[in-house]
Amino acid sequence: MSVNEYLYALVCDDLASGESKFGKKKQGFSDEQRRMLEKWQVPKKYYDMIEDMSYSKGEGYFIYLKEGYVNDVTGSRSIHCEKTSEVRRIIGKTHRK
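From a predicted model like this one, the values you see are computed outputs, not experimental measurements.

Calculation criteria
Residues numbered from 1 in each chain as written. Predicted model: local features only at pLDDT ≥ 70, side-chain atom pairs only at ≥ 80, totals over all residues. Heavy atoms only, no water. Salt bridge = Lys/Arg side-chain N within 4 Å of Asp/Glu carboxyl O. Helix = DSSP H or I, 4+ residues; strand = E, 2+ residues; numbered from the N terminus. Buried < 20%, exposed > 50% of the residue type's maximum accessible area, 1.4 Å probe, protein only. Pairing = 2+ DSSP bridges. Contact = heavy atoms within 4.5 Å. Patch = residues over 30% accessible without salt bridge, like charges linked within 9 Å, V, L, I, M, F, W, Y side chains within 5 Å. Areas by Shrake-Rupley, 256 points an atom, 1.4 Å probe, with all protein chains shown as cover.

A. Inspection of the pattern of salt bridges at higher detail. If you walk through the whole model with that rule in mind, you get two salt bridges. Notably, a salt bridge pairs glutamate 51 with arginine 77, separated by 3.2 Å at the nearest N-O pair. Of this pair, glutamate 51 sits in strand 1 (residues 50-56) while arginine 77 is found in the loop between strand 3 (69-71) and strand 4 (78-81), placing the two residues 26 residues apart along the sequence. The class for arginine 77 is partly exposed, based on a relative accessible area of 29%. As a salt-bridge pair, arginine 77 and glutamate 67 come within 3.0 Å of each other at their nearest N and O atoms. Placement of arginine 77 in the loop between strand 3 and strand 4 and of glutamate 67 in the loop between strand 2 (60-65) and strand 3 is noted, with a sequence separation of 10 residues between them. Connected via shared salt-bridge partners are Glu51, Glu67 and Arg77.

Given below as structure tokens:
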């Protein structure tokens with residue numbers, strides 16, 4: 001099966017089922033992401049503002065905010081920190097635009 005055939009089959013499957021597997025994936029946090037937020041001690045009141053997050057040992061903590069939110073420290077929708085204490089301090093400066 002070629003890449004085009006594969007993509008076509010995925011689109012047809014989504015249309016036939018009435019839901020997108022990709023769209024479902026981005027609804028809320030995965031169990032792993034929720035555990036990450038809890039481990040980082042991010043207050044639950046900020047969960048609705050967060051679109052995605054990740055951690056890399058070499059690069060640190062990344063939080064990406066949903067459209068319509070901004071962080072005063074970074075001046076953007078992206079937050080990058082090296083320590084969990086910075087994550088908690090900086091996420092507190094997040095609000096609606």
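Here the narrative resumes, following the displayed structure.
B. Inspection of the pairing of strand 2 at higher detail. Burial analysis of strand 2 places five of its six residues in the buried class, the great majority of the element. The sheet contact formed by strand 1 and strand 2 spans six bridges and is antiparallel. When the bridges of strand 2 are listed, methionine 53 appears paired with isoleucine 63. Taking the residues between adjacent antiparallel strands as the criterion, strand 1 and strand 2 are bridged by three residues. Where strand 2 and strand 4 come together, four bridges link them in antiparallel fashion. Of the residues in strand 4, the one forming a bridge with isoleucine 63 is isoleucine 79.

C. Focus on the environment of tyrosine 55. Among the structural elements, tyrosine 55 can be located in strand 1. When its relative accessible area of 44% is taken as the criterion, tyrosine 55 is described as partly exposed. Taking the C-alpha atoms as reference, tyrosine 55 lies 9.7 Å from histidine 80; in sequence the two are 25 residues apart. Each residue touching tyrosine 55, except ones within four places of it in the same chain, is listed here: Met36, Trp40, Gly60 and Tyr61.

D. Structural detail: unusual backbone geometry. Although it is not a glycine, glutamine 41 adopts a positive phi angle of roughly 60°. Using a relative accessible area of 51% as the deciding quantity, one classes glutamine 41 as exposed.

E. Here's a closer look at a nonpolar patch on the surface. A surface patch of nonpolar side chains, about 560 Å² in accessible area, is lined by Met1, Val3, Tyr6, Leu7 and Leu10. Relative to the assigned elements, valine 3 resides in helix 1 (residues 3-17).

F. Quick look at the environment of valine 42. Topologically, valine 42 is positioned in the loop between helix 3 (31-40) and strand 1. Along the backbone, valine 42 and glycine 92 are 50 residues apart, and their C-alpha atoms lie at a distance of 9.0 Å.

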